[in-house]
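Structural characterization, general
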Amino acid sequence: LFHHSFIHSFIFIMDSNSIFKTIDHVTYRVSSCAASGIFFGASLATFKGLPLPHTTLSMGTSFALVSTACFVPERLFYHASFYVRPRQDGISGGAVNANMNVNANVDADVNASPKGNEDDVSSTRVILERNRLYASHGLGGMMGGSITGGIFRGRSGIVSGMLLLTPMMLMAAHGEMKLNAYKEKRLEELRLESSQPKVEKLRWK
């Protein structure tokens, strides 16, 4: 009963657009980790004289499995945070995949706010999004670490897996925040450039 209500809750939270964005989000990160594992496996096999195909395939598969065990629960915890705390900040469930465009999904109350409060509202949204990312990545690292540690080393590896992968997921969250902030800054600069009138340059003959 709890399992079915849990699934129905996520279906209620995530619309079709958010589901596809979440799939793209997880696929991109798992593919990047798998590519890193293949490169690391090829380097290890080259320097230590190990069989190249077996080592490369093994490392790539291991990286893909570990990243899947971390990023899938991370996305579930991220969207569950909107179920625990409804979307009162105007940020949709797929906002992080849309480069944190905090001006995209603003409700009527925020649109009616005075000009002087817009910066405060935007800052509050960024702080809430940062907290959601850090919390979801931390919980995802704990969940993924316990799963992979239990698979590779049994019960004795659950705690060590959590201690290994949780800081790495928090670092990934920090990197996402920096990347999204840079993208948002560039988008704002492009919007300002496009809003300015174009001045035609005089051509001297």
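Reading the values: the criteria
Residues numbered from 1 in each chain as written. Predicted model: local features only at pLDDT ≥ 70, side-chain atom pairs only at ≥ 80, totals over all residues. Heavy atoms only, no water. Helix = DSSP H or I, 4+ residues; strand = E, 2+ residues; numbered from the N terminus. Buried < 20%, exposed > 50% of the residue type's maximum accessible area, 1.4 Å probe, protein only. Areas by Shrake-Rupley, 256 points an atom, 1.4 Å probe, with all protein chains shown as cover. Contact = heavy atoms within 4.5 Å. Phe/Tyr/Trp six-rings, centres within 6.5 Å; stacked < 30°, edge-to-face > 60°. Lys NZ or Arg CZ within 6 Å of the ring centre and 35° of its normal. Salt bridge = Lys/Arg side-chain N within 4 Å of Asp/Glu carboxyl O. Polar contact = N/O pair within 3.5 Å; in protein donor to acceptor, adjacent residues only side chain to side chain. Expected span 1.5 Å × (residues − 1). 1 Å grid on protein atoms, 1.4 Å probe; cavity = no way out; pocket = protein on both sides within 12 Å on 5 of 7 lines; lining within 4 Å. Points joined across faces, edges and corners; volume = space filled by probe spheres on them. Nonpolar A, V, L, I, M, F, W, Y, C, P; charged D, E, K, R; others polar.

In terms of regular secondary structure, the protein chain is built from six helices and zero strands. Each helix and strand of the protein chain, placed in order from N terminus to C terminus, yields the pattern α-α-α-α-α-α. For the protein chain, with 205 residues in total, the buried portion stands at 33%. Looking at the protein chain as shown, the accessible area adds up to about 13,800 Å², and 67% of this sits on carbon and sulfur atoms.

Checked against the element boundaries, Cys33 lands in helix H2 (residues 16-48). In this structure Cys33 comes out as partly exposed when scored by relative accessible area, which is 25%. With 31 residues separating them in the primary sequence, Cys33 and Ala64 have C-alpha atoms 6.0 Å apart. With sequence-adjacent residues up to four places away left out, Cys33 is seen in contact with Phe63, Ser67 and Phe71.

Enumeration over the complete set of coordinates arrives at two aromatic pairs. Here the guanidinium or amino end of Arg132 rests over the ring plane of Phe82, the centre of that ring lying 4.1 Å away.

Turning our attention to the pattern of salt bridges. Opposite charge on two side chains permits pairing when their charged atoms draw close. Taken as a whole and judged by the stated rule, the model has five salt bridges. Arg29 is the partner of Glu176 in a salt bridge, and the nearest nitrogen-oxygen pair spans 2.9 Å. Pair noted here: Glu176 is in helix H6 (residues 157-195) and Arg29 is in helix H2, with a separation of 147 residues, a long-range link. Both residues of the pair, Glu176 and Arg29, belong to the buried class. Between Arg191 and Glu188 there is a salt bridge, and its shortest N-O distance comes to 2.6 Å. With Arg191 and Glu188 both in helix H6, this residue pair falls three residues apart, about one helical turn. The exposure class of Arg191 is partly exposed, given its relative accessible area of 34%. For Glu188, a relative accessible area of 32% puts it in the partly exposed group.

Looking now at the side chain of Arg29. Engagement of the side chain of Arg29 in a polar contact is seen with the side chain of Glu176, the distance being 2.9 Å. Residues within four places of Arg29 in sequence aside, it is in contact with Phe71 and Glu176.

Moving on, we get to H6. The first and last C-alpha atoms of H6 sit 56 Å apart over 39 residues, in line with the 57 Å expected at 1.5 Å per residue. Those residues of H6 not exposed but buried are Gly157, Gly161, Leu165, Thr166, Met169, Ala173, Glu176, Met177, Asn180 and Glu184.

Time to look at the layout of surface pockets. If you add up the space inside the largest pocket, you get close to 840 Å³. Along the wall of the largest pocket there are 32 residues; nearest its centre are Cys33, Ser67, Phe71, Met169 and Ala172. Elements represented by at least two residues in the lining of the largest pocket include exactly H2, helix H3 (52-84), helix H5 (118-153) and H6. Of the residues forming the lining of the largest pocket, the biggest block, 13 residues, is contributed by H6. Split by residue class, the lining of the largest pocket holds 15 nonpolar, 13 polar and four charged.

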